[in-house]
Amino acid sequence: MAKGSSMHQDTLVIHGGEYIQEPYGSLTTPLYQTSTFVFPDAETGGRRFAGEESGYMYSRLGNPTVNQLESRVAALEGMEAGAAAATGMGAVSAATLAFLKAGDHVIASDCIYGCSFALFSHLFERFGIHVDFVDMTDQHALESAFRDNTKIVFLETPANPHLRLIDLTMVGDVCRSHPQVRMVVDNTFMTPLLQRPGEFGAHIVVHSATKYLNGHGDVVAGVITGSAEDIHLIKMTTLKDMGATMSPHDAWLIIRGLKTLSVRMEKHCENARHVANFLRDYPGVSQVFYPGFNDHPGHELIGRQMKSAGAVIAFELDAGYNAAVQVLNKLEMIRVAVSLGDAESLIQHPASMTHSPLSPDARARAGITDGLIRISVGLEHVDDIIADLQQSLDRALNAPHAKLTAV
Ligand SMILES: *Cc1c(COP(=O)(O)O)cnc(C)c1O
């Protein structure tokens, strides 16, 4: 019984995708924690390996629990099929490398997740795949980056850590005039509930399921969605042979987490709106990066391509590096950790954490100032989140040593 995409997304997070027929009437998806599958006879095994008969063979090639998650996320994205990966980076690498060979060219947004940037700029170059990083808010820059051998256009919106927005309709239209190109969008920050890049021309949508899709901070995982043909190719090449496939147990946990995605996203976004307003009004905070503000670049894309501003916010302290570190240290409830999309509010300092591998120069060019802080607003009561931020900001910014040592 396949659940059609005519249902609402709030329903699809619970019922979307292929239904697993199992004999005991289990309400929840059974966890097929098995490495291999027993063939009833040798001939059946032969037919399955020959592709003449469907059926499971070995969990790296396919597993019913993992397949359920794949089809559920695909239904949510409005895509034909899905493929699960061991991590978000497993998804990014499998989804791109499946379409690339030495001599090919990739256009990537100049504002993408750090490990995607590292993959493209270091590993791809080693294998003769050249990547140009362009500012995709600039249509002309994007158009002039195309070459005859361009195979992939890769982007992320909103993008870390300034929540930069890219117009998916514009990128989709530009890509449409290059039929050999696949547009790949990392939709981790939005989830399919807030943004469905496929509606704007994306061929492939990738996720770090570590974040909102799972939502409970207990799994690292990735998901790829796209056409049945592309997903088949990815599964049969980069996923199967490079091997970054998802464990059935992780799939089972994500299926469990996914059921509450719509209620979680609603509260994440509502909490974030209040936290952004609080930060904007706080005297020592010089700037708040939050797509929900009218003056955020690309704000008009809310409503057009994204249903809401999301729940990741960055803010800048005039007082610089040490003050930012002190703000983190003085928090009592909010957890100091990278990652995002969990029930717990998580806060991090890009200059010393996620973006520390960049040289100070590269950080400055990317606008990662010493006083920049990123928060993933969680599901706690918003008054408690704000109270914790308030007390830590009060204490950190009023502390004389924080000001004295400020850069
Ligand atoms: C976390 C993240 C990734 C990488 O995902 P992992 O699950 O950590 O491998 C990729 N893209 C974005 C936008 C992310 O936030």
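Fair warning: this is a prediction, and the values are worked out from it, not measured in the lab.

What counts and how
Residues numbered from 1 in each chain as written. Predicted model: local features only at pLDDT ≥ 70, side-chain atom pairs only at ≥ 80, totals over all residues. Heavy atoms only, no water. Helix = DSSP H or I, 4+ residues; strand = E, 2+ residues; numbered from the N terminus. Buried < 20%, exposed > 50% of the residue type's maximum accessible area, 1.4 Å probe, protein only. Contact = heavy atoms within 4.5 Å. Lys, Arg positive; Asp, Glu negative; His and termini not counted. Charge placed at Lys NZ, Arg CZ, Asp CG, Glu CD. Near = heavy atom within 4 Å. Polar contact = N/O pair within 3.5 Å; in protein donor to acceptor, adjacent residues only side chain to side chain. Areas by Shrake-Rupley, 256 points an atom, 1.4 Å probe, with all protein chains shown as cover. Nonpolar A, V, L, I, M, F, W, Y, C, P; charged D, E, K, R; others polar. Pairing = 2+ DSSP bridges. Domains from an automatic or database assignment. Buried area = accessible area lost by both parts, 1.4 Å probe. Salt bridge = Lys/Arg side-chain N within 4 Å of Asp/Glu carboxyl O.

S.K.: Teacher, can you tell me more about the overall build of the protein here?
M.R.: Secondary structure assignment for the protein yields 15 helices and 14 strands. Counting only C-alpha atoms and orienting by the principal axes, one finds that the protein spans roughly 80 × 55 × 35 Å. In the protein, which comprises 407 residues, the share counted as buried stands at 54%. Counting contacts in the protein only where the partners sit at least 6 residues apart, residues at least 24 apart contribute 72% of the total. The protein carries 31 positive and 45 negative side-chain charges, and their two centres are separated by 3 Å.

S.K.: Is there a simple way to think about the site of the ligand in this case?
M.R.: Close to the ligand lie Thr87, Gly88, Met89, Tyr113, Glu156, Asp186, Thr188, Phe189, Ser208, Thr210, Lys211 and Ala221, which account for all nearby residues. Between the ligand and glycine 88, the relevant distance is 2.8 Å, taken from an oxygen atom to a main-chain nitrogen or oxygen of the residue. Within the backbone of methionine 89, a nitrogen or oxygen atom sits 2.8 Å from an oxygen atom of the ligand. Against a free-state accessible area of 380 Å², the protein chains account for coverage of 92% of the ligand. Residues belonging to the shell around the ligand are distributed by class as follows: four nonpolar, five polar and three charged.

S.K.: Please explain the sheet that holds strand β10 (residues 285-289) as it appears in this structure.
M.R.: Hydrogen bonds between backbone groups are what pair the strands of a sheet, and the pairing can be parallel or antiparallel. Read across the open sheet, the five strands follow the order β10-β11-β14-β13-β12; overall the sheet is mixed. Because the sheet does not close on itself, it has two edges, and the strands there are β10 and β12 (335-336). Here four bridges tie β10 to strand β11 (residues 312-317), and the two strands are oriented antiparallel to one another. Bridge pairing links glutamine 287 to glutamate 316 in β11.

S.K.: I would appreciate a short explanation of the pairing of strand β8 (residues 204-208) in the present structure.
M.R.: Side-chain direction in a regular strand flips from residue to residue, so the side chains alternate between the two faces of the sheet. For β8, the tally of buried residues reaches five of five residues, placing the bulk of the element in the interior. Residues of β8 alternate between two faces, with Ile204, Val206 and Ser208 on one and Val205 and His207 on the opposite face, all of them buried. Pairing of strand β7 (residues 182-186) with β8 involves three bridges; the strand directions are parallel. Following the sheet pairing, aspartate 186 is matched in β8 by valine 206. In terms of strand pairing, β8 meets strand β9 (residues 222-226) through four bridges, oriented antiparallel. Of the residues in β9, the one forming a bridge with valine 205 is threonine 225.

S.K.: Explain the domain arrangement of the protein to me, please; I cannot follow it from the model alone.
M.R.: How big an interface is tends to be expressed through the accessible area that disappears when the partners come together. Partitioning the protein into domains gives domain 1 (2-258) and domain 2 (261-397). Its C-alpha centre places domain 1 at a distance of 27 Å from the equivalent point of domain 2. Facing 31 residues of domain 1, the contacting portion of domain 2 comprises 37 residues. Roughly 2,700 Å² is buried in total at the junction of domain 1 and domain 2, and carbon and sulfur atoms are behind 62% of that figure. If you look at where domain 1 meets domain 2, you find one salt bridge. Measuring nitrogen to oxygen at the nearest pair gives 2.6 Å for the salt bridge that ties aspartate 167 to arginine 304. Between domain 1 and domain 2 we count 15 residue pairs in polar contact (both at pLDDT 80 or more) in total. Mapped onto the side of domain 1 that touches domain 2, the elements with two or more residues apiece are α1 (9-15), α7 (168-176), α8 (191-194) and α10 (248-258).

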